[in-house]
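Structure at a glance
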Amino acid sequence: MPDPILLISDSHRPSEPLARTLALLGSVTTLSLADGAPDGGSHRPAEGPDGRFSTVVADIDLRDARSVSSLRRCLMPGGRAAPPTLCLLDGSGHDETVQAWAIGASAVMPVAAGREQLLAAVLSLAPPPATVTPRVSRAVPGVGAALADLLEGAASGTAIRPAVVADASVLMLDAIGDDGIGAWLDVVRTIDDITYQHCLSTAGFVAAFALRLGFSRRDGEALCRAALVHDIGKGRVPLEILGKQGGLSPGERAVMREHAALGHELLVMQGGFDSMSLEIARHHHEFLDGSGYPDGLAGAAIPDHVRIMTICDIFGALTERRPYKPAMAPADAMRIMGGMDNQLDGDLLHSFRDCFRDLD
Ligand SMILES: [Fe+2]
Ligand SMILES: [Fe+2]
């Protein structure tokens with residue numbers, strides 16, 4: 001695993017949204033300058049797994065002398081050289097910029113610039129390992145930023161823009177078509193946030209499977225668009241439930257299950273999403289034997305594109321690392337899914353197994 005990103009913040013803005021965005025690039029350690037030492041005393045960054053950080057993102061009020069002095073100490077613990085540091089600026093004030101360079105920032109950018117620009121800036125400071133292909137290393141943050149915008153739109157009731165989904169699906173299909181699902185997963189599996197990781201890995205399986213099944217470019221893009229928004233309803237599920245370690249209570253499970261109908265409703269209300277996206281958002285937890293939700297559809301009532309999504313969704317969930325479980329080996333996941341023969345489409349499952357046989 002690459003070194004974590006260190007996010008240093010003070011109390012002038014909540015750090016959680018920023019940490020969630022940065023989690024698209026790997027694990028994130030957050031250090032709050034406001035914790036524990038109100039005099040801006042001897043803060044030291046928490047140690048990462050191997051005591052190193054790939055990058056520092058500083059989100060502090062650069063006009064506050066105490067925050068600046070604490071940050072300076074954090075950046076050079078024990079006289080060590082600081083990792084590349086990105087300072088976020090509140091405005092375009094000359095003072096902030098000068099202060100950032102004086103601290104030793106490697107780059108500065110306005111905090112309002114947006115998710116994709118932030119991820120690109122961090123990536124430019126700490127390029128991914130050489131084993132990650134350039135196309136995939138650019139596409140994952142691009143698609144991830146789009147996904148984060150979509151989930152945030154779902155959570156806040158702002159627009160879920162179909163054009164964002166369409167652009168992301170092109171980016172993803174191109175990257176996986178050229179570099180393969182393995183390269184895609186190498187990057188996606190480093191993402192800390194389980195909802196982002198799940199949506200990006202599952203959509204990746206859908207893209208690779210569509211390519212293997214010989215879908216036309218048009219149909220492949222439609223399926224990828226649907227896969228990217230299949231769990232959009234999770235934007236309305238509280239983060240405490242989404243990220244809960246250990247099993248959910250029956251009440252929490254019921255809230256979680258609402259994401260399918262909620263996602264469908266959100267896409268309908270937004271408008272501009274095709275029937276494939278709407279059906280997949282609502283029905284990707286239905287099973288052929290009628291035991292799924294939310295509508296208990298069975299057999300022929302479940303269209304092929306939904307059956308494909310369901311298989312990719314389950315495989316993604318089983319093979320992802322979660323806070324409460326390690327990642328399952330693909331072969332073990334295939335074995336479990338092979339036992340779901342009343343619930344999953346047997347022919348599609350057979351092709352799926354063929355497509356991902358070499359995955360490790
Ligand atoms: Fe789901
Ligand atoms: Fe899902």
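Residues numbered from 1 in each chain as written. Chains lettered and ligands numbered in written order. Predicted model: local features only at pLDDT ≥ 70, side-chain atom pairs only at ≥ 80, totals over all residues. Heavy atoms only, no water.

1. Remarks on the environment of Ser 54
What counts is decided by this rule: Runs of E in the DSSP output that reach at least two residues are strands. Runs of H or I that reach at least four are helices, and both are numbered from the N terminus. Whether a residue is buried, partly exposed or exposed follows from its accessible area with a 1.4 Å probe, protein chains only, as a fraction of its type maximum: under 20%, in between, or over 50%, in that order. Contact definition: two residues touch when any of their heavy atoms are within 4.5 Å. Polar contacts here mean pairs of N or O atoms no more than 3.5 Å apart (in protein, one a potential hydrogen donor and the other a potential acceptor; neighbouring residues in sequence count only if both atoms are side-chain atoms).
Residue position: Ser 54 is located in the loop between β2 (28-32) and β3 (55-59). Looking at Ser 54, the relative accessible area reads 21%, which means it is partly exposed. Sequence separation between Ser 54 and Gly 144 is 90 residues; the distance between their C-alpha atoms is 20 Å. Excluding its chain neighbours within four sequence positions, the residues that come into contact with Ser 54 are Asp 3, Pro 4, Ile 5, Pro 83, Pro 84 and Ala 126. Among the polar contacts listed, one links the side chain of Ser 54 to the side chain of Thr 55, at a separation of 3.2 Å.

2. Re the coordination of the iron ion (ligand 1)
This is how it is decided: A donor here means any N, O or S atom no more than 2.8 Å from the metal (3.2 Å for Na, K and Ca); water is not included, so a site may seem to lack partners. For a four-donor site, all angles between 85 and 135 degrees give tetrahedral; for four or six donors, opposite pairs above 155 degrees with the remaining angles between 65 and 115 give square planar or octahedral; all remaining cases count as irregular.
Protein-derived coordination of the iron ion (ligand 1) comes from Asp 231 (OD), His 259 (NE2), His 284 (NE2) and His 285 (NE2), at a distance range of 2.1 to 2.2 Å. Because the angles between the four donor atoms bound to the iron ion (ligand 1) fall within 84 to 173°, the donor set is best described as irregular. Site description for the iron ion (ligand 1): donor spacing in sequence, D-x27-H-x24-H-H.

3. Focus: empty space enclosed by the protein
Threshold: The distinction between a cavity and a pocket rests on a 1 Å grid over the protein atoms alone: a 1.4 Å probe fits inside a cavity but cannot get out, while a pocket stays open yet meets protein on both sides within 12 Å along at least five of seven lines, and a residue with an atom within 4 Å of a point counts as lining. Grid points are joined across faces, edges and corners, and a volume is the space filled by probe spheres set on the points. Note on residue classes: Ala, Val, Leu, Ile, Met, Phe, Trp, Tyr, Cys and Pro are nonpolar, Asp, Glu, Lys and Arg are charged, and everything else, Gly too, is polar.
Tallying each qualifying case throughout the model produces two cavities of 30 Å³ or more. Empty space within the largest cavity amounts to approximately 50 Å³. Along its surface, the largest cavity is lined by Glu 286, Leu 288, Ile 302, Arg 307, Thr 310, Gln 343, Leu 344 and Asp 345. Taken together, the residues of the lining of the largest cavity sort by class into three nonpolar, two polar and three charged. Of the pockets and cavities examined, the second largest cavity occupies roughly 40 Å³. Lining the second largest cavity, in full, are Leu 185, Val 188, Arg 189, Gln 197, Ser 201, Phe 205, Thr 319 and Glu 320. Residue assignment for the lining of the second largest cavity shows that the elements contributing at least two residues are α6 (162-188) and α7 (194-212). When residues of the lining of the second largest cavity are assigned to their parent elements, the largest contribution, three residues, is made by α7. Per-class residue counts for the lining of the second largest cavity are three nonpolar, three polar and two charged.

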